[in-house]
Amino acid sequence: MKLAGNDILIQSLINEGVEYIFGYPGGAALHIYDSIFQQKEMQHILVRHEQGATHAADGYARATGKPGVVMVTSGPGATNAITGIATAFMDSIPMVVISGQVQSHLIGTDAFQETDMIGISRPIVKHSFTVDHQSNIAQIIKEAFHIATSGRQGPVVIDIPKDLTNPDDLFDYEYPKEVNIRSYNPPLDPETSQIERVVEAILNANQPVIYAGGGTISSNASKELIELNSYINFPVTNTLMGLGVYPATDDKFLGMLGMHGTFQANMAMHNADLILAIGARFDDRITNTPDKFAPNAQIVHFDVDHSSVSKIIEADIAVFGQVKNSLQAINSLIKERLNDIDKSKIQKWHSQIAEWKNNHGLNHDLYKDESDIKPILPQAVVQHIYHASKGNAFVTSDVGQHQMFAAQYYHFDEPRKWINSGGLGTMGFGLPSAMGVKLAYPDEEVVCITGEGSIQMCIQELSTCSQYKLPIKIFNINNLSLGMVKQWQDMNYDGRHSSISYEDSLPDFKGLVESYGHIGIKITKNSELRDGIEKAFSIKDKLVFVDVYVDPNEHVYPMLVAPNGSLKDMWLSKGNKT
Amino acid sequence: MIERQLTLIMENKPGALARVVGLFHQRGYNIDSLHVDPIDDFTQYKFIEDELNIKFSMGEVSRLIIKTTVGDALMRQILRQINKLIEVIAVSDNESTYLKGILRDENLL
């Protein structure tokens, strides 16, 4: 078959099984868009800003496990995509971004809408390609998808000059059946000797904790993790990125750990004698001061990425490989040793953890107080959303206090249901990522928990939601200020609130969303909260935006004491620390 | 902190060198010296061809020699970060080698 470059590109994406392309057209991508117009297998979603395209593709990828695909033009189209690419990179999300480029003979001449996309994106991609000839396009697409979705996943950029998509020049097309990159060989199966050492460590532990992160979700290893713990009964904590990989309503679940982790999760980690770190990378929001991290723990680290292991915290046993394969290997070995598991051995440890939880655990019943004497608590909003959505919605969030409240109070029982920018912390992520999730799962409930600061960073995508009829439920936890910045200013800068307020210039969100054809609900009193949230969920065919005015003085707790604190050093409420 | 030498064998493709140099800056490491040339005599690297079951042809692969002054832990981290670059076939410091992603306990390059 003979095809032109633009058709080779699009046909390759179809052969790759792509359902949606999130993008925005422009000069250098015009030939490609003409090719998109002439096919029916994939749907192009026209966003309102390229950042929205990357986040939507990212949300699609996080929810489905399949790579998200983005199409942008050169210059500003490419640079606008950068924040979303960096977001995906930090959280190891598979994504393929295709950027148009000026014609080959113009490269390097400062041509109209020329920018060095490969150079700009280099530090925030897993890999990138410049297309140098039409006959290489199919091979490059194949390699890009392979790299994005294997090993430690991540975004891949393909930059393609306009002349190489010219519809007049035809070339042989055959999509490669397989791919083999001789310099790329991510680990898959763990070494047996390491697995044997891990099993011994498990059998000998008195105060163990499983600390599972986003890598466990990327590797689709939730089932294996739950199976492992059905044999060994360890307490389990999840990172912000790992929430849902172990059921939050299981009695062995401790909640999230780290900066705003639960008291019992942080105390268990600090006092552990064995930590099984599974697809987690000991980032600074987890460890607090690394020198003071879990002083008595033996560290077992499961990861697909060599460079993550012993980067921050030295591992005693390293298990390289896909987490799924490693856990399968552990499970089959431990099944032969069931008689050697002494369940009473860790009973005292479970009692200790129960005591911690009892003393300073989170209060999940705040929503029951519906009196109008006090302002609405943001935590109670999340609790109402949890109950009204029956605990099984996809929840996306933005970044800040509302994100932490969502992570603390919505109990995620399944992986891929909690979608947030954990690594880069990108405000503006919530709404566009919810679009990607809703397109992937049109029959599922998709909730975006956001704040009045974050939502305004990508609010233009409300228009995209109306074009494609995406009935997302958006809950705007409105505290009239940049709450997390304000919290730090309260705690570390004697309450000097520098540049965190815009109270007098906020839009009327209800009126704003209605101008896009959506439904707006404004809630200012506790007594209106339950009905308002239930009403939002009862509307099935429309996007509903619920603007909830909450107590502007509320802080997120627990919060690790920094600098120089350990995981046992936490603020538990205003002025009260451990 | 001592000066160490890293040797890389990598695909001779446009942009590959920029990825290595960029990585040093991005991760906060310093390059004391850098030497790069295409490999024209593969005798010394036949074991790589055997290992990968391929035959290199002229101009296809480059050798980079980088000198940097760092401590032990950082050296290991640099080695692992370089090994992650898709176009790097093998990388070695004084003590160990990553060959197509797999760690060996000796300097093979």
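Residues numbered from 1 in each chain as written. Chains lettered and ligands numbered in written order. Predicted model: local features only at pLDDT ≥ 70, side-chain atom pairs only at ≥ 80, totals over all residues.

1. Quick word on the overall build of chain B
Check the secondary structure of chain B and you find three helices and six strands. The C-alpha radius of gyration of chain B comes to 13 Å, within 12% of the 13 Å expected for a compact globule of 109 residues. Along the first, second and third principal axes, the C-alpha set of chain B runs to 40 × 30 × 20 Å. Of all 109 residues assigned to chain B, the portion counted as buried reaches 29%. Within chain B, contacts between residues separated by at least 24 positions form 64% of all contacts whose residues are at least 6 apart in sequence. (Helix = DSSP H or I, 4+ residues; strand = E, 2+ residues; numbered from the N terminus. Rg over C-alpha atoms; globule rule 2.2 N^0.38 Å. Buried ≥ 20, exposed ≤ 12 C-beta atoms within 10 Å, placed from the backbone. Contact = placed C-beta atoms within 7 Å.)

2. Describing the overall build of chain A
Across its full length, chain A carries 21 helices and 23 strands. Computed over the C-alpha atoms, the radius of gyration of chain A is 25 Å, within 12% of the 25 Å expected from 2.2 N^0.38 for a compact globule of 578 residues. Residues counted as buried form 55% of the 578 residues belonging to chain A. Sequence separation of at least 24 residues holds for 76% of the intrachain contacts in chain A that already meet a minimum separation of 6.

3. What to know about the pairing of strand 22 (residues 570–573) of chain A
Residues and elements named next belong to chain A. As paired strands, strand 21 (residues 559–560) and strand 22 are joined by two bridges and run antiparallel to one another. Bridge pairing in strand 22 links Leu560 to Met570. In this antiparallel pair of consecutive strands, strand 22 and strand 23 (residues 576–577), the connection spans two residues, and Gly575 shows a positive phi of 75°. (Pairing = 2+ DSSP bridges.)

4. A few points about the sheet that holds strand 23 of chain A
Residues and elements named next belong to chain A. Taken in spatial order, the three strands line up as 21-22-23 in an open sheet, and their pairing is antiparallel. Edge positions in the open sheet fall to strand 21 and strand 23, since each of these has one partner strand only. When strand 22 meets strand 23, the two strands line up antiparallel, connected through two bridges. Looking across to strand 23, one finds that Ser573 is bridged to Asn576.

5. Some thoughts on the sheet that holds strand 3 (residues 61–70) of chain B
Residues and elements named next belong to chain B. Strand order across the open sheet formed by six strands is 2-3-1-4-5-6, with antiparallel pairing between neighbours. In this open sheet, the two edge strands, each paired with only one partner strand, are strand 2 (33–38) and strand 6 (102–104). Averaged over all neighbouring strand pairs, the angle between strand axes comes to 20°, with direction disregarded. Of the pairings in the sheet, the one linking strand 2 to strand 3 comprises six bridges and is antiparallel in character. Pairing of Ser33 across the sheet is with Lys67, part of strand 3. Helix-sheet contacts for helix 3 (residues 72–84) involve strand 1 (2–11), strand 3, strand 4 (88–92) and strand 5 (97–99), and the interaxial angle to strand 4 is about 165°. (Axes fitted to C-alpha atoms, helices over the stretch in contact; angles between N-to-C directions.)

6. Some thoughts on the interface of chain B and chain A
By a widespread convention, an interface's size corresponds to the accessible area lost as its parts come together. At the interface, 20 residues of chain B touch 16 residues of chain A. Looking at the side of chain B that touches chain A, the elements with two or more residues in it are helix 1 (16–26), helix 3 and strand 4 of chain B. Here the side of chain B that touches chain A gets five residues from one element, more than from any other, and that element is helix 3 of chain B. Across the side of chain B that touches chain A, the residue classes break down as seven nonpolar, seven polar and six charged. (Nonpolar A, V, L, I, M, F, W, Y, C, P; charged D, E, K, R; others polar.)

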